[in-house]
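One letter stands for each residue in the lines below.
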Amino acid sequence: MSTSVAEYVAAEREPAREPKTRITGLMVQYYHVCRRELWFMSRDIDIDRETTNIQRGTHVDETSYQGSRKSFQIDGRIQLDVLESGDIMEVKVSSAMEKPARMQLLFYLWYLREVHDIEKDGVLAYPTERRREQVELNTETTAQIEATVEGILDTVGAETPPALEKKSYCDSCLYQDICWM
Amino acid sequence: MPKPNHHVFADGELSRNEGTLRIDTLAGETEYLPVESIDSLYLHGQIDFNTRALGLLNDHGVPAHVFGWKDYYKGSYLPKRGQVSGNTVVEQVRAYDDDRRLSIAQRIIQASIHNMRSNLRYYDGRRGNFSEAIADLADEKDQVAAVDTINEVRAVEGNARKTYYRCFDRILRDPFELTKRQYNPPTNEANAIVSFLNGMTYTTCVSAIRKTALDPTVGFVHEPGERRFTLSLDIADIFKPILADRLVFRLVNRQQITVDDFESELDGCLLTESGRMTVLEEFEKLLDETVAHPRLERNVSYKTLVRTDVLSLKKHILTGEEYHATERWW
C-alpha cells in the first residue's frame, strides 16, 4: 500500500478527521471511464441533468431485486445494497462498462475491509441482461483497487484537468458539452 | 434537444393545478401547461400568480420572465439554484479580480464585433456596399486585443457599435430607419424592434446562466454596479447580432413586420401586441434552428449555442482552458 493510500485509509478510520478527498463509488467508476470526467465532477462542474440516461439507471436500480436486498449508508458517503446472503450487490443497466462497474464494487469491498474490518464478497448484477457475476478481493484485485485509489487522489489533486481526448463513448457522456466547448 | 419557451400574452391568472400549471384568462379560457416540458416562461400580459405557482416553477427549475406595460422587461423570477457550487463562484470572482477579467472581456467583445461584422458581410452587395464598415470592424476587433484596460475595451466596443448601427439604415427596407440607437423609450420603429429583441436575447442569456452555478451578477465587461445581471449583459453582447439584429433585418425586409405593427405613444414608439406575437414566433423559431458545430461534432440549436458559450466560460474560469466565445462560423 502506497503512502498516500495508507494516509487515506488512516483518515477514513479516524471519525473526527475529514480526509481531504472523499472517494465515492462514482469516482471509482469515473476514474476507469475517463479521468477528465472525474476531475470535472470533483470540481462541482455541472452535468446535463435533463438526460434520460440518468433516469433509466435510477429506474433499473429502484425496480430490480426489490425484495431481496437492503440498502445501507456507510459514513454518509457510500450507499451499499446487501443481499440476504450477506454479499454486497451493485446493480447496473448494462455490462457495456464492465470494468468500471467491477472496480466500483471492489472499492466498496476494500473500503469495508480496510476501514471497518468487515470482510464481504460482492455480486455484480445486470437485471436487464439476466446476468450476475461474483466479485471478490484477492491479492490481484486488492492491488488494482489500491492503484485506483492512488490514481484518484492524484487526478483530483491536480490543478488542471487531464487533457482532452476523443473516446468512443464521448457522445453519450454527460460532460460532453463542457468538455469540448 | 433543448425545451421550448412558453409565452403567455393573455391577461389572467397563473396557478398550480396539482402537478401542472393552469392559466385562466380574463376572457374565460382555461389552459393547462405541462411545466416539465418548458424551458422558460414568459409573461407578457397582466398576470396574477401566487407562491404555489412559483413553487411549482421552482421544483422544475423554470425561470419566469415578467414583462410589464407595453412589454417593458420588468424582471425575472428565478428558481432556486439547481446547481450550487461555492467553488465556482469563488473562482468567478477571482477571475473578475485578476488579469483574467481583461482577457475574458476581450474575448467577449471580439466575438461581439465578429458577429456584427458577419451580419454586414451577409448584407454587403445585397442591400448596399458595406466594405468600409466591414474593414473598420476588422480593425476594431484587432484593437480590442491590443488594449490594456476594461475601459478601453468598452470604448472600442462603443465605436464598433456606432460603425455597425450606421449601416442599419441601408440594410432596412424603407421606411424603417435607424441612424442612432435610442431607447428608454425607443423613438422610432427600428429602435423599438431592436430594443424588444435585445430584451429577448438578454432573457435567453439569463435562463442559460441560471442552469449553471455561475453568479449572474458578476460580469466581466460590464460593471457589477449596473442594475441588471451583468454577466447576462456580457453574454447578450455576443448574441445580439446573431439572435436580434439578423432577425430584425429579416422581419423588416420580408415585410413580415411593417409600420402598422407599431404604435406611437406620447414620447416613444412600441410594437403592437400582434407585432410582438409575430416577432416572438420568429424568435422562437430562430432559437430552434440548428447549425453543425465543429467541436461538438453535432448539430446544435441557437439556444444550445448560448448554453455552451456559458459552459465554455465556466470551464475557462475553473480550469484555465481556452474560452471560446461564440463567433459565427456558419
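A quick note: this is a predicted structure, and the numbers were derived from the prediction, not measured.

What counts and how
Residues numbered from 1 in each chain as written. Chains lettered and ligands numbered in written order. Predicted model: local features only at pLDDT ≥ 70, side-chain atom pairs only at ≥ 80, totals over all residues. Heavy atoms only, no water. Contact = heavy atoms within 4.5 Å. Buried area = accessible area lost by both parts, 1.4 Å probe. Salt bridge = Lys/Arg side-chain N within 4 Å of Asp/Glu carboxyl O. Phe/Tyr/Trp six-rings, centres within 6.5 Å; stacked < 30°, edge-to-face > 60°. Helix = DSSP H or I, 4+ residues; strand = E, 2+ residues; numbered from the N terminus. Buried < 20%, exposed > 50% of the residue type's maximum accessible area, 1.4 Å probe, protein only. Axes fitted to C-alpha atoms, helices over the stretch in contact; angles between N-to-C directions. Parallel < 35°, antiparallel > 145°, perpendicular 65-115°, else oblique. Nonpolar A, V, L, I, M, F, W, Y, C, P; charged D, E, K, R; others polar. 1 Å grid on protein atoms, 1.4 Å probe; cavity = no way out; pocket = protein on both sides within 12 Å on 5 of 7 lines; lining within 4 Å. Points joined across faces, edges and corners; volume = space filled by probe spheres on them. Pairing = 2+ DSSP bridges.

Peer 1: Mind laying out the interface of chain A and chain B, listing which residues take part and the relevant values?
Peer 2: By a widely used convention, the size of an interface equals the accessible area lost when the partners come together. Each partner contributes residues to the interface: chain A has 19 residues there, and chain B has 23 residues. Where chain A abuts chain B, roughly 1,800 Å² becomes buried across the two surfaces, and 50% of that area is made up of carbon and sulfur atoms. Scanning the region where chain A abuts chain B turns up four salt bridges. For Asp177 of chain A, the salt bridge goes to Arg307 of chain B, with nearest N and O atoms at 2.6 Å.

Peer 1: Please give an account of the packing of aromatic side chains that cites residues and values.
Peer 2: All names here are of chain A. Taken as a whole and judged by the stated rule, the model has 18 aromatic pairs over all chains. Between Tyr30 and Tyr175 the ring centres are 6.4 Å apart and the planes differ by 90 degrees, which places this aromatic pair in the edge-to-face class. Residue Tyr30 is located in helix α2 (residues 25–33), and its partner Tyr175 is located in the loop between α6 (139–157) and α7 (176–180); the two are separated by 145 residues in the primary sequence. Overall, Tyr175 belongs to the buried group, its relative accessible area being 5%.

Peer 1: I'd love a proper account of the packing of helix α4 (residues 131–146) of chain B against helix α5 (residues 150–171) of chain B, names of residues and values included.
Peer 2: Residues and elements named next belong to chain B. The N-to-C vectors of α4 and α5 enclose an angle of 170 degrees; their axes lie 10 Å apart at closest approach. Taken together, the axis directions place α4 and α5 in an arrangement best described as roughly antiparallel. Residue-level contacts link Ala133, Asp136, Leu137, Glu140, Gln143 and Val144 of α4 to Val153, Val156, Asn159, Ala160, Thr163 and Cys167 of α5. When grouped by side-chain class, the residues that make up the contact of α4 with α5 number seven nonpolar, three polar and two charged.

Peer 1: Could you give an account of empty space enclosed by the protein, naming the residues involved and the relevant values?
Peer 2: This structure, assessed with the given rule, holds one cavity of 30 Å³ or more. Considering only enclosed or pocket space, the largest cavity measures out at about 50 Å³ in volume. Taken together, Lys166, Cys170, Asp171, Gln176 and Trp180 of chain A together with Arg295, Leu296 and Glu297 of chain B form the lining of the largest cavity. Residues of the lining of the largest cavity, tallied by class, amount to three nonpolar, one polar and four charged.

Peer 1: Talk me through the pairing of strand β2 (residues 12–17) of chain B; I want residue IDs and the actual numbers.
Peer 2: Residues and elements named next belong to chain B. As paired strands, β2 and strand β3 (residues 20–25) are joined by six bridges and run antiparallel to one another. Within the sheet, the bridge partner assigned to Arg16 lies in β3 and is Leu21. Counting the residues between successive antiparallel strands, the hairpin from β2 to β3 contains two residues, one of them, Glu18, with a positive phi of roughly 50 degrees.

Peer 1: Go over the side chain of Asp309 of chain B, please, and point to the residues and values.
Peer 2: Inspection of the secondary structure puts Asp309 of chain B in helix α9 (residues 302–319). The residues touching Asp309 of chain B, leaving out its near neighbours within four places in the chain, are Ile235, Ile238, Phe239, Tyr323, His324, Ala325 and Thr326 of chain B.

Peer 1: So what's going on with the environment of Met116 of chain B? Which residues, and what values?
Peer 2: Residue and element names in this part refer to chain B. By secondary structure assignment, the location of Met116 is in helix α3 (residues 100–123). Given a relative accessible area of 0%, Met116 falls into the buried group. Residues Met116 and Thr304, spaced 188 residues apart in sequence, show a C-alpha to C-alpha distance of 20 Å. Not counting residues up to four positions away in its chain, the partners in contact with Met116 are Leu137, Ala160, Arg161, Tyr164 and Pro241.

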